[in-house]
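# Residue-level structure breakdown
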Amino acid sequence: MCVCTFFGHKDCPDSIKERLWETLKELIVNHHVDMFYVGNQGRFDVIVRSVLRELKKDYPQINYAVVLAYIPGKQNEYDNYSDTMLPEGIESVHPRYAISWRNNWMLRQSDYVVTYITHSWGGAAQCAAKAARQGKTVINLADIENDALEK
């Protein structure tokens, strides 16, 4: 089983959807990635979740989970928790550190990391840098976008 996770800025353009789709198809078909973990903190995560939901129709062998950092409360953006999970141990983490702990958990599981990073500061950039230091394959969709614009 090969695993991919995602880290991206909270603000992300919808225009990355096609590049994301193609990147994930490549990982599924040519690199045998069959498990995907995504967070739920911003627009990038929303786009990833929607693409994974659609890809699951064409590639039924894949699975994905939206990895929550907090135990859901009464008011949460999710009304359907069927594709969510809480990583074991998160319940003992102080809420202040829950997102960082969740991100590290996702990174430990992963062979591949797909990102949307346009600047070098913030949590997404830190996670991508950590993934690279750990020898994970990191694919930045923002770099793909910039390469396409330069051609």
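Described below are features of the structure shown in this document.

Rules and cut-offs
- Residues numbered from 1 in each chain as written.
- Predicted model: local features only at pLDDT ≥ 70, side-chain atom pairs only at ≥ 80, totals over all residues.
- Heavy atoms only, no water.
- Salt bridge = Lys/Arg side-chain N within 4 Å of Asp/Glu carboxyl O.
- Helix = DSSP H or I, 4+ residues; strand = E, 2+ residues; numbered from the N terminus.
- Buried < 20%, exposed > 50% of the residue type's maximum accessible area, 1.4 Å probe, protein only.
- Axes fitted to C-alpha atoms, helices over the stretch in contact; angles between N-to-C directions.
- Parallel < 35°, antiparallel > 145°, perpendicular 65-115°, else oblique.
- Left-handed = near helix turned anticlockwise from the far one by under 90°.
- Contact = heavy atoms within 4.5 Å.
- Nonpolar A, V, L, I, M, F, W, Y, C, P; charged D, E, K, R; others polar.

### A short note on the pattern of salt bridges
Summed over all chains, the structure comprises four salt bridges. The residue lysine 25 makes a salt bridge to glutamate 22 at a minimum N-O spacing of 4.0 Å. Taken together, the residues span about one helical turn, with lysine 25 and glutamate 22 both in helix H1 (residues 17-31) at a distance of three residues. Arginine 49 is the partner of aspartate 83 in a salt bridge, and the nearest nitrogen-oxygen pair spans 2.6 Å. On the criterion of sequence distance, the pair formed by aspartate 83 in the loop between strand E3 (63-67) and strand E4 (84-85) and arginine 49 in helix H2 (residues 43-58) is long-range, its members being 34 residues apart. Given the relative accessible area of 10%, aspartate 83 is considered buried. Residue class for arginine 49 comes out buried when judged on its relative accessible area of 13%.

### Things to note about the packing of helix H3 (residues 98-109) against helix H4 (residues 123-133)
At a minimum axis distance of 11 Å, the contact between H3 and H4 shows a crossing angle of 30°. It follows that H3 is roughly parallel to H4 by the angle criterion. Crossing handedness for the pair H3 and H4: right-handed. Of the residues in H4, those in contact with Asn103, Asn104 and Leu107 of H3 are Cys127, Lys130 and Ala131. Broken down by class, the residue content of the contact of H3 with H4 amounts to three nonpolar, two polar and one charged.

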